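Tertiary structure, described
Residues per chain are reported as follows:
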Amino acid sequence: MKSFFSIPVLLGCIIIISSCDMPKDILKTTEIIVTSEAGDKLAIKENVEFQIGKPLGTIISIDTSIKKQKILGIGTSFTESSAFVLAHLSKERRAELMNDIYGKDGANFSIARTHIGACDFSVEGKYSYVDKVDDVELNSFSLKHDKEGFSKEKYFGVKDESYDLIPFIKEALAIKESQDDKNLRIISSAWTAPKWMKDINEWYIPGSTENNWQGSGGKLKPEYESVYADYILKYLKEYKKEGIDIWGITPINEPHGNNGQWESMHFTAESQRDFIKQHLGPTLKKSQFPDTKLLIYDQNRGGLEHWANTILSDKEAATYVYGTAIHWYESTFKVFEESLNKVHNKFPEFGVIHTEGCIDDLGKDAPPGIKDPIKFKEENWFKNDDFWWNRNATDWAYTADWAENVEDHPIYTPVHRYARNIIVSLDNWLEGWIDWNIILDKDGGPNHVGNFCGAPIMIDKENQDIYKTPIFHVLSQFSRTIRPGDYALQTNRILDEIGSDDLYACATINSEKLLSVQLLNTTKRPIEFNLKILDRYANISIDANSIQTVRVQL
């Protein structure tokens, strides 16, 4: 029997059928960026092509149809301590370093935080802008402390006596102003009201045998609640006169307090709710700053749900609130993504921003009650990348017999703590992520109460030796590829035979449909995975102990 098809016709059908299995156009990565323990610092790797099909094994799947929260960006903080260290550099070296931090070819951070009055990362601390007792009209309000600089006579090694917190912020804003992307949203937080407004009439009372180790920062006297709201408003006005617009504020930093170790002031969720709806909210609303974003809480993630439920469920208080500010000191590895999701699901119109995180208690002697005092005290972190890429850091509660949930505070790898927290948080509704001090000296200071911490950039003030830690390069990579206005996308992980802590991922997309996937490999080996986007996937390898950004133009 003769075939119905001639050979030329049959070949034509084969060609047509085969072409249906091929992509209509070629999709490949636009850029692959890696920072790793092996020494890569935002290194560009070879691009890979996608193919149509069903991937197997370890899969990172990005659902581009599900846009989540709008991103404010990645950033760091302005502190007096950072300004003090920068004052020890020549103006030329400082300008170069500032461009590395805020310039379009540098980290280009887009969100920031600073302190209202004294904090622990003040050189000497114990000040406000109205130290005159009972000046309820705030007539003596002055920003002198933020802009008077540091004298060479008093502080050895200072090269620029005029440099201080306000000049520091202005220099960053000037860099931003010179580029197309001018975004630098600043959130300001007070550690305390002027001491005369508080019931203890002191900046703080440390724990001691006399008070059974129950230190305190005190709380606002009821008669000064409206004055404190006016104090915050006055701060906004005076900073605006300096050419500095403050995007957002929190009523107080860490309202649970810190046992009187440094400047603090206590609120409960209920008392902050009432302060907002009776004083601070109305004061801002009727002022020239009605659009200043008001963020509640400003402490550890474990309290997020309680504070959000207490304040955001109150319709009157909630009308004044933008969202919730959180820190990370509740655990060295937990991100509390369940809490982030619960709060978002219950209060979807309110944002959540991470406003502080750092490598705390750096190099400090172990206090009483620490079972492993040897490992508690870190060493050899300056100009030593190995410290930051491996399990060498501890926090305040490491092996403490007095700490609740001490199991949540194991020794940890600094890079992993940062990258895991940022990636998982952004994948679970966080809008922005802010680090603490951008710059400290080689010992993690100055800090007027000895609360030394790590910073992305650490400087030996004596010889001006600048060390950009791996944390700086990691934050730079995130900041350069996660920009204000981007949207988070739904990300799903199928980890196959690797561990749950081995590989993390999140994704964002910008207005030009440039997709950025951020990945963390916590292991000492490369991990092969398939990146699935739409109906295609690409086989990609992420280097051992590294941060990888995969960008794809859709």
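Residues numbered from 1 in each chain as written. Predicted model: local features only at pLDDT ≥ 70, side-chain atom pairs only at ≥ 80, totals over all residues. Heavy atoms only, no water.

The nonpolar side chains of soluble globular proteins are, as a tendency, buried together. If you look at the biggest cluster of nonpolar residues, it comprises 127 residues, and the most contacted ones within it are Phe78, Tyr102, Met197, Tyr228 and Tyr239. When residues of this core are assigned to their parent elements, the largest contribution, 9 residues, is made by helix α6 (residues 225-241). Setting aside anything within four residues of it in sequence, one finds Tyr102 in contact with Thr76, Phe78, Asn108, Phe109, Phe168, Ala172, Ile175, Lys176, Gln179, Leu184 and Ile438. With 25 residues, the next largest nonpolar core counts Leu27, Ile32, Phe50 and Leu495 among its residues. (Core = buried A, V, L, I, M, F, W, Y, C linked by side-chain atoms within 4.5 Å. Buried < 20%, exposed > 50% of the residue type's maximum accessible area, 1.4 Å probe, protein only. Helix = DSSP H or I, 4+ residues; strand = E, 2+ residues; numbered from the N terminus. Contact = heavy atoms within 4.5 Å.)

Counted residue by residue, strand β7 (residues 185-190) has 5 buried out of 6 residues, so it is predominantly covered. Assessed by its sense of winding, the connection that carries the chain from β7 through α6 to strand β8 (residues 248-250) is right-handed. (Right-handed = clockwise from strand over helix to strand, strands pointing away.)

Next up on the list: the confidence of the model for the protein. Within the protein, residue pLDDT values average 95, and 96% of them lie at 70 or more. Every residue in residues 1-23 scores below 50 in pLDDT, and together they form 3 contacts with partners more than four places removed in sequence or on other chains. (pLDDT = per-residue confidence, 0-100.)

Here Glu225 shows up in helix α6. Exposure remark for Glu225: the relative accessible area of 23% places this residue in the partly exposed category. Taking the C-alpha atoms as reference points, Glu225 and Met197, 28 residues apart in sequence, are found 8.3 Å from one another. In this view, Glu225 contacts Leu220, Phe275 and His279; residues no more than four positions away in its chain are not counted.

Over its 13 residues, helix α5 (residues 165-177) extends 18 Å from the first C-alpha to the last, a length consistent with the 18 Å expected when each residue adds 1.5 Å. Among all positions in α5, only Leu165, Ile166, Phe168, Ile169, Glu171, Ala172, Ile175 and Lys176 are buried. (Expected span 1.5 Å × (residues − 1).)

When two helices pack together, you describe them by how their axes are tilted relative to each other and by the distance separating the axes. Here α6 crosses helix α7 (residues 269-285) at 30°, and the two axes come no closer than 9 Å. Relative to α7, the element α6 lies roughly parallel. When you trace α6 past α7, the crossing you get is right-handed. Between α6 and α7, the contacting residues are Glu225, Ser226, Tyr228, Ala229, Asp230, Ile232, Leu233 and Leu236 on the first element and Phe275, His279, Leu280, Thr283 and Leu284 on the second. Partitioning the contact of α6 with α7 into residue classes produces 8 nonpolar, 3 polar and 2 charged. (Axes fitted to C-alpha atoms, helices over the stretch in contact; angles between N-to-C directions. Parallel < 35°, antiparallel > 145°, perpendicular 65-115°, else oblique. Left-handed = near helix turned anticlockwise from the far one by under 90°. Nonpolar A, V, L, I, M, F, W, Y, C, P; charged D, E, K, R; others polar.)

Counted by the stated rule, this structure contains 27 aromatic pairs. When the centroid spacing of 5.2 Å and the interplanar angle of 90° are considered together, the rings of Trp196 and Tyr224 count as edge-to-face. Of the two residues, Trp196 sits in the loop between β7 and α6 while Tyr224 sits in the loop between β7 and α6, which places them 28 residues apart along the sequence. Taking relative accessible area as the criterion, Tyr224 reaches 10% and is therefore assigned buried. When the ring centre of Trp436 is taken as origin, the NZ or CZ atom of Arg113, which lies over that ring, is 5.6 Å away. (Phe/Tyr/Trp six-rings, centres within 6.5 Å; stacked < 30°, edge-to-face > 60°. Lys NZ or Arg CZ within 6 Å of the ring centre and 35° of its normal.)

To continue, consider unusual backbone geometry. Across residues other than glycine, the phi torsion is negative in most instances, and most of the peptide bonds are trans. Each neighbour pair has its own omega, and for Gly445 with Pro446 the value is 5°, a cis peptide bond. When you line up the elements, Pro446 lands in the loop between β13 (439-441) and β14 (457-460). At Thr399, a residue that is not glycine, the phi angle is positive and equals roughly 55°. Within the secondary structure, Thr399 is located in the loop between α12 (385-389) and α13 (414-426).

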